[in-house]
Amino acid sequence: MDCSEEVQSLSDEGSAPIELKKGMSIFLDILRRADKNDDGKLSFDEFKAYFSDGVLSGDELKELFHAIDTHNTNNVDTDELCEYFSQHLGEYENVLAALEDLNVTILKAMDKTKKDYQEATHLQQFVTRFLLRETTSQLQSLQSSLECAMETTAEQTRQERQGPVKPEVLPIQWSGRRSNRRLQRNNSLSPNSPLLNLVNSGLYEEDNQWITQINRLQKLIDRLEKKELRLEPVEEEVLESSTKSHILIVQRQLSVLEEEVEEFRPALRQYIDCASTQTGCLHVAVQRLANESRFILYEFWEQSNMWKNHLQTNYSKTFQRGNVDFLETPEIMTTMLVPASWWVLNNN
């Protein structure tokens, strides 16, 4: 991307404009996407929302934040981000530089295609489509390799720590909807994809049994939150002390920006499809509240540790990272353990 104008504007009062090395313009984009209130710097909450990877603990993220904040302002700016990461890039300095050149080259090619395609012959148009397809295939192949490396390094770190670290709920406060933000998406669905047809159809169809259960659970949770419910068990139920005595129900409330709903739907559908095939996942269901851009996601897991492992997968992290741009307010997550015998009874 051409960021020379941005570089000139990103400087402290009384100091010379920062000069970015080749490949470092990515950090301008990182700050732009992570800076939720558009004040040109990152608070710790904004920093944690963007950089949290499900492996580093909250204390470790805070330690990293203060290590980057060399100006001791309790905020991180582009200058500090570039200064810190430039010392640790290693071989990725060349990677980022190549990506910067590739980005410019592709944008130029797209501009040329836009101008010339309509006037080209049928054969020339075929060649253009073929080259676009092959370029996409090559980029996707590279992306797959990178995702594999991400999974491997994350899993190695988790094993060294002897178990997954549960990601924290991020209490970041956002200042309402943002205007004129340029969003960049890494994943999309083909217009002919059956998944997109499911997304565009509106609410996802679920069995009546599941809808009934979900509605009951929602009412129960609402009443519990309002402290209006008194539970007086008629009889005690003796549970076996085994790891499968309970199942975990996860409720995720996602308040999506109205202008982002159509882009959010494919990402949500892709997440649901991936989670449904994950080991230990019993069921995933979603509802959208009428006349609101708020989605409620329900996940049913055999065991808590299976859900924690699911949080560390690449598709889960991709969904969480995308929500930084999609959501109007932070996600609200609630978990509940219920006796596994209830599940068995419902499925007999």
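From a predicted model like this one, the values you see are computed outputs, not experimental measurements.

Student: Is there a simple way to explain helix H10 (residues 261-276) in this structure?
Tutor: Owing to its 3.6 residues per turn, the α-helix brings residues three or four apart onto one side. In a regular helix each residue adds 1.5 Å, so 16 residues correspond to 22 Å; H10 covers 22 Å between its end C-alpha atoms and thus fits that length. Residues Val261, Phe264, Arg265, Pro266, Leu268, Arg269, Tyr271, Ile272 and Ala275 constitute the buried set of H10.

Student: For this particular structure, what's the right way to read the nonpolar core?
Tutor: In globular proteins that are soluble, nonpolar side chains generally tend to be buried together. With 23 residues, the main nonpolar core has Phe264, Leu268, Tyr271, Ile272, Phe295, Leu297 and Trp301 as its most contacted residues. If you list the elements that add at least two residues to this core, you get strand E1 (246-255), H10, strand E2 (281-288), strand E3 (294-301), helix H11 (304-311) and helix H12 (314-326). The biggest single contributor to this core is H10, with 6 residues. Beyond its immediate chain neighbours, meaning those up to four positions away, Tyr271 contacts Arg252, Leu297, Glu299, His310, Tyr315, Ser316 and Phe319.

Student: Help me understand unusual backbone geometry, please; the structure alone is not making it clear to me.
Tutor: The phi angle of most residues is negative, glycine excepted, and most peptide bonds adopt the trans form. In this structure, Asn72 takes a positive phi of about 55° despite not being glycine. Phi at Asn74 takes a positive value of approximately 60°, unusual for a residue other than glycine. With respect to the helices and strands, Asn74 occurs in the loop between helix H4 (58-68) and helix H5 (78-86).

Student: I would appreciate a short explanation of the environment of Lys48 in the present structure.
Tutor: Here Lys48 lies in helix H3 (residues 44-51). Since its relative accessible area comes to 9%, Lys48 is described here as buried. Separated by 16 residues in sequence, Lys48 and Leu64 place their C-alpha atoms 9.9 Å apart.

Student: Explain the sheet that holds strand E4 (residues 332-339) to me, please; I cannot follow it from the model alone.
Tutor: What links the strands of a sheet is backbone hydrogen bonding, and the strands pair in either a parallel or an antiparallel sense. Across the sheet, 4 strands lie side by side as E2-E3-E1-E4; this open sheet has antiparallel pairing. With one partner strand each, in any of the chains shown, E2 and E4 form the two edges of the open sheet. On average, each strand axis in the sheet is inclined to that of its neighbour by 15°, with strand direction left out of account. Of the pairings in the sheet, the one linking E1 to E4 comprises 8 bridges and is antiparallel in character. Across the sheet, the residue bridging to Arg252 is Met333, located in E4.

Student: Can you walk me through the packing of aromatic side chains in this structure?
Tutor: Two aromatic rings are characterised by how far apart their centres lie and by the angle between their planes. Going through the model one piece at a time under the given rule, you end up with 13 aromatic pairs. Considering the side-chain rings of Phe44 and Phe65, the 5.4 Å spacing of their centres and the 70° angle between planes classify their relative orientation as edge-to-face. Linking Phe44 in helix H3 with Phe65 in helix H4, this pair joins segments that are 21 residues apart in sequence. Phe65 carries the same exposure label as Phe44, and that label is buried. Relative to Phe51, the ring of Phe47 has its centre 4.5 Å away and its plane inclined at 25°; by these criteria the two rings are stacked. Of this pair, Phe47 and Phe51 both sit in helix H3, separated by 4 residues, roughly a single helical turn. What makes Phe47 buried here is its relative accessible area of 0%. Phe51 gets classed as buried once you look at its relative accessible area, which sits at 17%. Among the aromatic side chains, those forming a connected cluster through ring pairs are Phe27, Phe44, Phe47, Tyr50, Phe51, Phe65, Tyr84 and Phe85. Above the ring of Tyr50, the side-chain terminus of Arg321 is found at 4.8 Å from the ring centroid.

Student: I keep staring at the UniProt feature "domain: EF-hand" (unreviewed entry) in the protein chain and nothing clicks. Help me out?
Tutor: Here, the residues flagged by UniProt with the feature "domain: EF-hand" (unreviewed entry) are residues 22-57 and 59-91. Secondary structure content for residues 22-57 is 47% helix and 0% strand, and the end C-alpha separation is 32 Å. Between the end C-alpha atoms of residues 59-91 the distance is 28 Å, and the span holds 58% helix and 0% strand.

Student: How should I be thinking about the pattern of salt bridges in this particular structure?
Tutor: When the charged atoms of two side chains with opposite charge come close together, those side chains can pair. In total, this model carries 11 salt bridges according to the counting rule given. We note a salt bridge from Lys112 to Asp116, for which the minimum N-O separation is 3.1 Å. Residue Lys112 and its partner Asp116 are both found in helix H6 (residues 92-116); the two are separated by 4 residues, about one turn of the helix. Among the ionic contacts, a cluster of salt bridges with common partners joins Asp29, Arg32 and Arg33.

Student: How should a nonpolar patch on the surface be read in this particular structure?
Tutor: On the surface, Tyr92, Val95, Leu99, Leu102, Leu139 and Leu142 cluster together into a nonpolar patch covering about 550 Å² of accessible area. By residue number, the principal contributor to the nonpolar patch is H6, which donates 4 residues. With respect to the helices and strands, the residue Leu99 is situated in helix H6. Judged by relative accessible area, Leu99 falls into the partly exposed class, the value being 46%.

Student: Before we go on, may I ask you to explain the environment of Val95 in this structure?
Tutor: With respect to the helices and strands, Val95 occurs in helix H6. For Val95, a relative accessible area of 38% corresponds to the partly exposed category. Sequence separation between Val95 and Gly23 is 72 residues; the distance between their C-alpha atoms is 7.8 Å.

Student: So what exactly am I meant to see when it comes to the side chain of Glu100 here?
Tutor: With respect to the secondary-structure elements, Glu100 resides in helix H6. A polar atom in the side chain of Glu100 sits 2.8 Å from the side chain of Ser25.

The rules behind these values
- Sequence order as written defines the numbering, with residues in each chain counted from 1.
- Thresholds applied to this predicted model are a pLDDT of at least 70 for local features of residues and 80 or more for the giving and counting of side-chain atom pairs; totals over whole chains, interfaces and linings are not thresholded and use all residues.
- Just so you know, side-chain values use all the structure's heavy atoms and leave hydrogens and water out.
- Strands are runs of DSSP state E lasting at least 2 residues, helices are runs of H or I lasting at least 4, and numbering of each runs from the N terminus.
- Expected helix span is computed as 1.5 Å times (number of residues minus one).
- Burial classification: accessible surface area is computed with a 1.4 Å probe over protein chains only, and a residue below 20% of its type maximum counts as buried, one above 50% as exposed, and the rest as partly exposed.
- What is meant by a nonpolar core is a set of buried Ala, Val, Leu, Ile, Met, Phe, Trp, Tyr and Cys residues, joined one to another through side-chain atoms within 4.5 Å.
- By definition, residues are in contact when any of their heavy atoms lie within 4.5 Å.
- Any two strands with at least two DSSP-identified bridges between them are counted as paired.
- For helices, the fitted line uses only the C-alpha atoms of the stretch in contact; every axis is such a line through C-alpha atoms, and the angle between N-to-C directions lies from 0 to 180 degrees.
- Between the rings of Phe, Tyr and Trp (Trp by its six-membered ring), a pair exists once the centres lie within 6.5 Å; its type follows the angle of the planes, with under 30 degrees stacked, over 60 edge-to-face, and the other angles tilted.
- Whether a charge sits over a ring depends on NZ of Lys or CZ of Arg being within 6 Å of the ring centre and within 35 degrees of the ring normal.
- UniProt positions are given in the numbering used here, feature names are shortened, and annotations may be inferred rather than shown by experiment.
- Just to be clear on terms, a salt bridge is a Lys or Arg side-chain nitrogen sitting within 4 Å of an Asp or Glu carboxyl oxygen.
- Only residues above 30% relative accessible area that lack a salt bridge enter a patch, with like-charged residues linked at up to 9 Å and the nonpolar side chains Val, Leu, Ile, Met, Phe, Trp and Tyr linked at up to 5 Å.
- The method behind every accessible area is Shrake-Rupley, applied with a 1.4 Å probe, and residues are considered shielded solely by the protein chains displayed.
- Pairs of N or O atoms are called polar contacts if they sit within 3.5 Å, as long as, within protein, a hydrogen donor faces a hydrogen acceptor (for residues adjacent in sequence, only side-chain-to-side-chain pairs).

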